[in-house]
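A closer look at the structure
Chain by chain, the residues run as shown.
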Protein chains: 2
Amino acid sequence: MSGSVLAPFPTELRVGVPDWLREAQAATPAQLHDRSERFALVTALATRNVEEGTGGPFAAVVVDDETGDVLSIGTNLVLHSDVASMHAEVVTLGLAHARLGSWNLGRDVGRRRTLVVNAQPCVMCLGALLWSGVSAVEYAADCATVERITGFDEGPVPEDWDEQLRARGIDVHQEHGVGAEDALHRFRELVDSGVTARYNGDGA
Amino acid sequence: MSGSVLAPFPTELRVGVPDWLREAQAATPAQLHDRSERFALVTALATRNVEEGTGGPFAAVVVDDETGDVLSIGTNLVLHSDVASMHAEVVTLGLAHARLGSWNLGRDVGRRRTLVVNAQPCVMCLGALLWSGVSAVEYAADCATVERITGFDEGPVPEDWDEQLRARGIDVHQEHGVGAEDALHRFRELVDSGVTARYNGDGA
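Here the structure is a predicted model, which is why all the values come from computation and not from measurement.

Reading the values: rules and limits
- Residues numbered from 1 in each chain as written.
- Chains lettered and ligands numbered in written order.
- Predicted model: local features only at pLDDT ≥ 70, side-chain atom pairs only at ≥ 80, totals over all residues.
- Helix = DSSP H or I, 4+ residues; strand = E, 2+ residues; numbered from the N terminus.
- Rg over C-alpha atoms; globule rule 2.2 N^0.38 Å.
- Contact = placed C-beta atoms within 7 Å.
- Pairing = 2+ DSSP bridges.
- Axes fitted to C-alpha atoms, helices over the stretch in contact; angles between N-to-C directions.
- Nonpolar A, V, L, I, M, F, W, Y, C, P; charged D, E, K, R; others polar.
- Core = buried A, V, L, I, M, F, W, Y, C linked by C-beta atoms within 7 Å.
- Buried ≥ 20, exposed ≤ 12 C-beta atoms within 10 Å, placed from the backbone.
- Least-squares fit on C-alpha atoms with pLDDT ≥ 70 in both.
- Parallel < 35°, antiparallel > 145°, perpendicular 65-115°, else oblique.
- Left-handed = near helix turned anticlockwise from the far one by under 90°.
- Right-handed = clockwise from strand over helix to strand, strands pointing away.
- pLDDT = per-residue confidence, 0-100.

Another point: the overall build of chain A. The helix and strand inventory of chain A stands at eight helices and six strands. Going from the N terminus to the C terminus, chain A shows its helices and strands as β-α-α-β-β-α-α-β-α-β-α-α-β-α. A globule of 204 residues ought to have a C-alpha radius of gyration of about 17 Å, and chain A, at 17 Å, matches this closely. Across its three principal directions, the C-alpha atoms of chain A cover 55 × 40 × 35 Å. Taking all contacts inside chain A whose residues are at least 6 apart in sequence as the whole, residues at least 24 apart take part in 66%.

Right, here's the structure in full:
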């Protein structure tokens, strides 16, 4: 095998928002003031993402704490984009960066923004939110629940991950009772029936 | 402040390869068989990235262990793209995914690919390489060195990060004596003189 079978080097890394998610963007209110509304949105998007086959059962939203402005919504787009790092948090934070035109989502200018996600961030996304400039993360299902239901590996997330965030000035809140397990169970059903892929890096 | 000042939701997350890096892509041999060549490339790219102002002092390459094929080269593009997650590993792995059209860089089909990077991955990039499907990572400067010289926070990287990778079937090798600290020192000089930004999420 030689290098000649390879396509040329790409000149960009591009992840398009799928059509269904563009429609969801258009249908999203400009502001979401209540925590319950935010979790209703991310759990609905997570389930829709699984049904559409665009990625895993994960979705997120970035909101401005003061105004309630929705800066971005997004889902895991690994299957849609063929890029393994395109977890919901990376996509949603990335779209917020793109919208604001800044690598810092607010801490550099004293504005508080919150990442709301239906599941605790994996080890990669723990870092992504750290570097993003958000001031808080709110999640529903914890890593152990995600791993138990879906079979995903969440990586070597430190046991004191929430304290690690708080020590760096980022608030952490877990929300219960929002039906976060439904999307996880649906994903597992579709994996077990061969309809969708569990995109583990180990190829298992 | 209302939502009306915001631009519309982006329809894509797009990170273009800067012109200078396109030229570097064109100048890169199709194959790099020796470890020393690979580290010479990433240390040179890391320094160039700092001088160009496109991001931090970090660069990476993904190679095929059997053929030596260079699947991708890349650098930290946080400043170029305004997207905080665009560390060298995320960019370079992402470009390899885009080139191959697959969210798995080889483990799913039994091909071994290696990520070579001038510095130990931060907590985010530790996860990114885990999910990418590479079979090995080779690095030069460790996190403590990066933090000491540059002032960056590398996040809560587990002390046993290398064992965590090996337990998941990913080899880890640290290379010494490749001049990896030069790019880090140059970055620090440019930060201290106000020429470039240390893009910490905390805005400090």
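Another aspect to go through is the sheet that holds strand β5 (residues 136-141) of chain A. Sheet strands associate in pairs through backbone hydrogen bonding, adopting either a parallel or an antiparallel arrangement. Residues and elements named next belong to chain A. Strands sit in the order β3-β2-β4-β5-β6 across an open sheet of five strands; the sheet is mixed. Every other strand in the sheet has two partners, leaving β3 (70-75) and β6 (171-174) as the edge strands with one partner each. Averaged over neighbouring strand pairs, the angle between their axes works out to 15° when direction is ignored.

Of the residues lining the interface, 61 residues belong to chain A; the matching set on chain B comes to 61 residues. Elements supplying a minimum of two residues to the side of chain A that touches chain B: β1 (12-16), α1 (19-27), α4 (88-100), α5 (123-132) and α7 (161-167) of chain A. Here the side of chain A that touches chain B is composed, by residue class, of 29 nonpolar, 22 polar and ten charged. With five bridges connecting them, β1 of chain A and strand β1 (residues 12-16) of chain B associate as antiparallel partners. Each residue of the ladder has a partner; that of G16 of chain A, found in β1 of chain B, is E12 of chain B.

To continue, consider the nonpolar core. Grouped together as the largest cluster of nonpolar side chains are 133 residues, with contacts concentrated most on V42 and V117 of chain A together with V42 and V117 of chain B. If sequence neighbours within four positions are ignored, V117 of chain A has contacts with V42, F58, A60, A88, E89, V137 and Y139 of chain A.

Of note in the backbone geometry, D82 of chain A takes a positive phi value of approximately 65° without being a glycine. Inspection of the secondary structure puts D82 of chain A in the loop between α3 (78-81) and α4.

So, on to the relation of the copies chain A and chain B. Least-squares fitting of chain A to chain B yields an RMSD of 0.0 Å, with the superposition described by an axial translation of 0.0 Å and a rotation of 180°. Here the symmetry operator amounts to a two-fold rotation axis. In this assembly the copies share their binding face: 100% of the residues contributing to the interface of chain A also contribute to that of chain B.

Now for the packing of helix α6 (residues 143-150) of chain A against helix α8 (residues 181-192) of chain A. All names here are of chain A. Packing of α6 against α8 brings their axes to within 8 Å, and their N-to-C directions diverge by 30°. Taken together, the axes of α6 and α8 are roughly parallel relative to one another. Judged by the sense of rotation from one axis to the other, the crossing of α6 with α8 is right-handed. Facing α6, whose interface residues are T145, V146, I149 and T150, α8 presents E181, L184, H185, F187 and R188. Along the lines of polarity and charge, the residues of the contact of α6 with α8 split into four nonpolar, three polar and two charged.

All right, on to the sheet that holds strand β4 (residues 113-119) of chain B then. Residues and elements named next belong to chain B. Taken in spatial order, the five strands of this open sheet run β3-β2-β4-β5-β6, and their pairing is mixed. On the outer flanks of this sheet lie β3 (70-75) and β6 (171-174), each paired with one strand and no other. Here the average twist between neighbouring strands, direction ignored, is 15°. With five bridges joining them, strand β2 (residues 59-64) and β4 adopt antiparallel strand pairing. Bridged to D64 within β4 is R113.

To continue, consider the packing of helix α2 (residues 35-52) of chain B against helix α8 (residues 181-192) of chain B. Residue and element names in this part refer to chain B. Between α2 and α8, whose axes approach to 9 Å, the crossing angle comes to 5°. Between α2 and α8, the angle is such that the two are roughly parallel. Listed contacts from α8 to T43, A46, T47 and V50 of α2 are D182, A183, R186, F187 and L190. Tallied by class, residues from the contact of α2 with α8 come to five nonpolar, two polar and two charged.

Residue and element names in this part refer to chain B. Judged by how many residues are buried, β4 sits mostly within the fold: seven of seven residues are covered. Judged from the five bridges that link them, β4 and strand β5 (residues 136-141) form a sheet pairing that is parallel. Looking at the pairing, L115 lines up with V137 of β5. Considered for its hand, the β-α-β crossover made up of β4, helix α5 (residues 123-132) and β5 is right-handed.

On to the environment of P29 of chain A, then. Of note, P29 of chain A is situated in the loop between α1 and α2 (35-52). Under the C-beta neighbour-count criterion, P29 of chain A is labelled exposed, with 12 such atoms within 10 Å.

As a further point, take α5 of chain A. Burial analysis of α5 of chain A places ten of its ten residues in the buried class, which makes it a mostly covered element. What α5 of chain A keeps buried is the set V123, M124, C125, L126, G127, A128, L129, L130, W131 and S132 of chain A. In this structure, the buried side of α5 of chain A is in contact with α4, β4 (113-119), β5 and α7 of chain A together with α5 of chain B. Of the residues flanking the end of α5 of chain A, it is G133 of chain A, one or two places downstream, whose phi is positive at about 90°.

So, on to the confidence of the model for chain A. Residues with a pLDDT of 70 or more make up 97% of chain A, whose mean pLDDT is 95. Across the assembled chains, the prediction reports ipTM 0.97 with pTM 0.97.

The next point concerns the pairing of β3 of chain B. The buried count for β3 of chain B comes to six of six residues, which makes it a mostly enclosed element. Hairpin connection between β2 of chain B and β3 of chain B: a loop of five residues separates the two successive antiparallel strands, and G68 of chain B in this loop has a positive phi of roughly 80°.

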